[in-house]
Amino acid sequence: MAVQPKVFHDPALLRAEIRKIQAAGKHVGLVPTMGALHEGHLSLVEASQNECDVTVVTIFVNPTQFAPGEDFEKYPRTLDADLKLLSRFDPVWVLVPDVEAMYPPGSSTVVQAPKVSLPLEGAFRPEHFDGVATIVLKLFQAAPADKAYFGQKDFQQVRVIQEMVRDLIVPIEIVRCPIVREADGLAMSSRNRYLSSEEREVALSISRSLTEAGQQIAAGQRDAAELVRTMEQTLAAAGIGKLDYIAVADPTTLESVQTIDAQVVILVAARVGTTRLIDNMLFSPVDVP
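Residues numbered from 1 in each chain as written. Predicted model: local features only at pLDDT ≥ 70, side-chain atom pairs only at ≥ 80, totals over all residues. Heavy atoms only, no water.

Asks: Go over the sheet that holds strand S1 (residues 6–8) with me, naming the residues and quoting the values.
Replies: Reading across the sheet, the six strands line up as S1-S4-S3-S2-S5-S6 and stay open at both edges, with parallel pairing between neighbours. Lying at the two open borders of the sheet, with one neighbouring strand each, are S1 and strand S6 (173–177). This sheet shows a mean twist of 25 degrees between the axes of neighbouring strands, independent of strand direction. The sheet contact formed by strand S3 (residues 54–59) and strand S4 (residues 92–95) spans four bridges and is parallel. Paired with Thr55 across the strands is Val92, a residue of S4. Of the strands in this sheet, S1, strand S2 (28–33), S3 and S4 touch helix H1 (residues 11–23), which is tilted by about 155 degrees from S4. (Pairing = 2+ DSSP bridges. Helix = DSSP H or I, 4+ residues; strand = E, 2+ residues; numbered from the N terminus. Axes fitted to C-alpha atoms, helices over the stretch in contact; angles between N-to-C directions. Contact = heavy atoms within 4.5 Å.)

Below, the structure written as structure tokens:
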């Protein structure tokens, strides 16, 4: 039976409730989101439900992680639909703060994101991860959970948060959960709703190029540059309008690798029409020298 989630707007009230149940020996999981929930988000909630007594979902479209000209104003805000989706889980508490609650008037403190933020997304969106690190640290203060759950689709974001938590000695465990994909392979994203049916067909080339790269690694390909060239050809042939990057990287440092002799993450950021999509997959060579 559907159970209406308990909604909080005041971070201080939520924090007090969390402290109360933790004092009683219960464990709390946190799923930070910007709303427009889909099955990918819900898989994080389910993971938390499996490990924790209470799950807190935050819904907040964070203005400081959007650069001028990005889609902050049009980013989908679907609170009623989000709460309905969350009603399949129990118990779930939802924090829906306004901007002033997270950024009190006169706020000027910013968290400088760690070194792992600099390549890839950091090169194309220079202030993005400072905004992410700042709001996530604020959410960890508002909802001091035992574990926080993030999706692998935002691979670099997870690494940024893991490093921030380590560096600032934040007492929370970061759990990275697998990417959830549509039946056709497209990584689930709140931005997928921007795609026309024709653009969606083009977007499928992103996951297809990653899968093909994995097949080449399994067949013995160890040259990262050659993998990137093949992926670029696949994406260009499919009609990808603009490719921000394809990177074959160390999954810890996110530094590019030339020879694949250990596990790598391959990350892609591409524009389909006016929509920017990211995806990634982890691969290990079959034969490590």
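Asks: Give a detailed account of the sheet that holds strand S9 (residues 275–283), specifying residues and quantitative values.
Replies: Ordered in space as S7-S8-S9, the three strands form an open sheet in which the pairing is antiparallel. At either end of the open sheet lies a strand with only one pairing partner, and these are strand S7 (242–249) and S9. On average, adjacent strands in this sheet sit at an angle of 10 degrees to one another, irrespective of strand direction. The sheet contact formed by strand S8 (residues 264–272) and S9 spans nine bridges and is antiparallel. From the neighbouring strand, Ala269 faces S9, where its bridge partner is Ile278. Across the face of the sheet, helix H8 (residues 197–218) comes into contact with S8 and S9 while running at roughly 20 degrees to S9.

Asks: I'd like a rundown of the environment of Val45, residues and numbers included.
Replies: The residue Val45 is located in helix H2 (residues 39–51) in this model. Looking at Val45, the relative accessible area reads 1%, which means it is buried. Counting along the chain gives 21 residues from Val45 to Phe66, while the straight-line C-alpha distance between them is 25 Å. Leave out the neighbours within four places in its chain, and Val45 touches Val31, Thr55, Val57, Leu86, Phe89 and Val92. (Buried < 20%, exposed > 50% of the residue type's maximum accessible area, 1.4 Å probe, protein only.)

Asks: Please provide a residue-by-residue account of the packing of aromatic side chains, values included.
Replies: All chains considered together, the criterion is met by five aromatic pairs. Considering the side-chain rings of Phe124 and Tyr245, the 5.9 Å spacing of their centres and the 45 degrees angle between planes classify their relative orientation as tilted. Of the two residues, Phe124 sits in helix H5 (residues 121–124) while Tyr245 sits in strand S7, which places them 121 residues apart along the sequence. For Tyr245, a relative accessible area of 11% corresponds to the buried category. Here a set of aromatic residues connected by ring pairs shows up, and it is made of Phe66, Phe72 and Tyr75. Against the face of Trp93 rests Lys6, its NZ or CZ located 5.5 Å from the ring centre. Sitting over the ring of Phe72, Arg77 keeps its end group 4.9 Å from the ring centre. (Phe/Tyr/Trp six-rings, centres within 6.5 Å; stacked < 30°, edge-to-face > 60°. Lys NZ or Arg CZ within 6 Å of the ring centre and 35° of its normal.)

Asks: Tell me about the pattern of salt bridges, and please be specific about residues and values.
Replies: Considering all chains together, one arrives at 17 salt bridges under this definition. One salt bridge connects Glu17 with Lys20, and the closest N-O pair in it is separated by 3.2 Å. Residue Glu17 and its partner Lys20 are both found in helix H1; the two are separated by three residues, about one turn of the helix. Residue class for Lys20 comes out exposed when judged on its relative accessible area of 52%. One salt bridge connects Glu226 with Arg229, and the closest N-O pair in it is separated by 2.7 Å. Here Glu226 pairs with Arg229, and both are found in helix H9 (residues 224–238), just three residues apart, close to one helical turn. Taking relative accessible area as the criterion, Glu226 reaches 29% and is therefore assigned partly exposed. The class for Arg229 is partly exposed, based on a relative accessible area of 41%. (Salt bridge = Lys/Arg side-chain N within 4 Å of Asp/Glu carboxyl O.)

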